[in-house]
Structure formats: C-alpha cells, structure tokens
Amino acid sequence: MLSPKRVRRRKVQKGRRRGKAYRGSALSFGIYGLKALECGWMSNRQIEAARIAINRHLKRTGKLWITVFPDKPLTKKPAETRMGKGKGSPEAWVAVIKPGRILFEIDGVAKELANQAMKRAQYKLPFKTQIIERWED
C-alpha cells in the first residue's frame, strides 16, 4: 500500500477540509478521470481497493494513473485508554481530497469500459465522485 518513505514530522494536526482543489483539478495524463465532488480523507487502503477494482475490470488493458498520494499521518489512541496523556501514535496514511480533485485517470480503453471500471472504483470511495472525459477539439 502507498505510504511515504520518510516524513518531516511524525504527527500532524487535522487541518480543515474546506475550499476547492485548484491543483490537480484537470486531466493531465488520461482521457477519462474520476473527480471528487466532496471534501474528505482518502486512506491508502481505499486508494488500493479502488485501484484493484479498476485494474480487474480493465483486465490489464490501457493505462491507469493514480493522481493522489497519502502523505498525511492519521493518529489514533488505543482502545479503552483514558483521556489525556498526549496524542496517539500514527495508525494510517490519508490523502486530503477537496472538491474538483482528479483521483484516477485512464487511457487506451473504450469509453464504455472506462465508465464501468470507474463506476466500480466509485463504490470503494468515502465521498461522491464524478466520471469525467477530456474534451477533444
């Protein structure tokens, strides 16, 4: 699963999930993409589950790009622990997703096949998404 090789700080603050994505909001690599419509955190497990769902449906045809990376550590205190005594230890890695962010891109497959693959990935994600297509002039 995806995780950073090294980080500057072991624990980070939660931050605020608001605003729109300006970076990463346009298709860069593929013809078809999966775009986020809501704010949220996307864990490395959810990214991996969506990637597997897309690849299994495409049957190794075409090319898939993952355009998000989980670089934020998510901390959690152990179960049945009293309040206080500091912040918990890092448990998982998440990517901060804002509306408009492109999550996955596909190229080299038919439109119908790409739509079905993206539809399967949508079921794995914790927020609303939209399947988009690059405009060809």
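Each chain has its residues counted from 1, running along the sequence as written. Predicted model: local features are reported for residues with pLDDT of at least 70 only, side-chain atom pairs are reported and counted for 80 or more only, and whole-chain, interface and lining totals are derived from all residues. Computation of side-chain values: all heavy atoms of the structure, hydrogens and water removed.

*Asks:* Even after reading the chapter, I still don't get the packing of helix α1 (residues 44–58) against helix α2 (residues 111–122), so can you show me in this structure?
*Replies:* The geometry of a pair of packed helices is captured by two quantities: the angle between their axes and the separation between those axes. Where helices are involved, their axes are fitted lines through C-alpha atoms of the stretch in contact, as for all axes, and angles between N-to-C directions lie from 0 to 180°. Where helices and strands are cited, they refer to DSSP runs of H or I of at least four residues and of E of at least two residues respectively, numbered from the N terminus. As a packed pair, α1 and α2 sit with axes 8 Å apart at the nearest point and diverge in direction by 150°. For the element pair α1 / α2, the angle class is roughly antiparallel. In the packing of α1 onto α2, the handedness of the crossing is right-handed. Contacts between α1 and α2 involve Ala-50, Ala-53, Ile-54, His-57 and Leu-58 from the first element and Leu-113, Gln-116, Ala-117, Met-118, Arg-120 and Ala-121 from the second. Relative orientations are named as follows: roughly parallel for angles under 35 degrees, roughly antiparallel for angles over 145 degrees, roughly perpendicular for angles from 65 to 115 degrees, and oblique for any other angle. Should the near helix be turned anticlockwise from the far one by less than a right angle, the crossing is left-handed, and should it be turned clockwise, the crossing is right-handed. Residue contacts are counted whenever heavy atoms from the two residues lie within 4.5 Å of one another.

*Asks:* In this structure, what is going on with the sheet that holds strand β4 (residues 72–76)? I would like to understand it.
*Replies:* Where strands meet in a sheet, backbone hydrogen bonds hold them as pairs that are either parallel or antiparallel. Note on pairing: two strands pair once DSSP finds at least 2 bridges between them. Strand order across the open sheet formed by three strands is β2-β5-β4, with antiparallel pairing between neighbours. Of all the strands in the sheet, the pair left with one neighbour each is β2 (40–43) and β4. Recorded for the sheet is a direction-independent mean angle of 50° between the axes of neighbouring strands. Bridging between β4 and strand β5 (residues 89–97) involves five bridges; their strand directions are antiparallel. Opposite Lys-72, over in β5, you have Val-94 as the bridge partner. Running at roughly 70° to β2, α1 makes contact with β2 and β5 of the sheet.

*Asks:* Would you explain α2 in this entry?
*Replies:* Two residues of an α-helix separated by three or four positions point the same way, owing to the 3.6 residues in each turn. The span expected for a helix works out to 1.5 Å for each residue beyond the first. Given a rise of 1.5 Å per residue, twelve residues ought to cover 16 Å, and the 16 Å separating the end C-alpha atoms of α2 matches this to within 8%. Categorising residues by exposure relies on relative accessible area from a 1.4 Å probe, with only protein chains included: less than 20% of the type maximum marks a residue as buried, more than 50% marks it as exposed, and the intermediate range marks it as partly exposed. Buried within α2 we find Ala-114, Ala-117, Met-118, Ala-121 and Gln-122. The buried residues of α2 occupy one face: seen down the axis, they fall within an arc of 145°. Tucked into the core, α2 has its buried residues touching β1 (32–36), α1, β6 (102–107) and β7 (129–133). The directions from the helix axis to the C-beta atoms are what the arc is built from.

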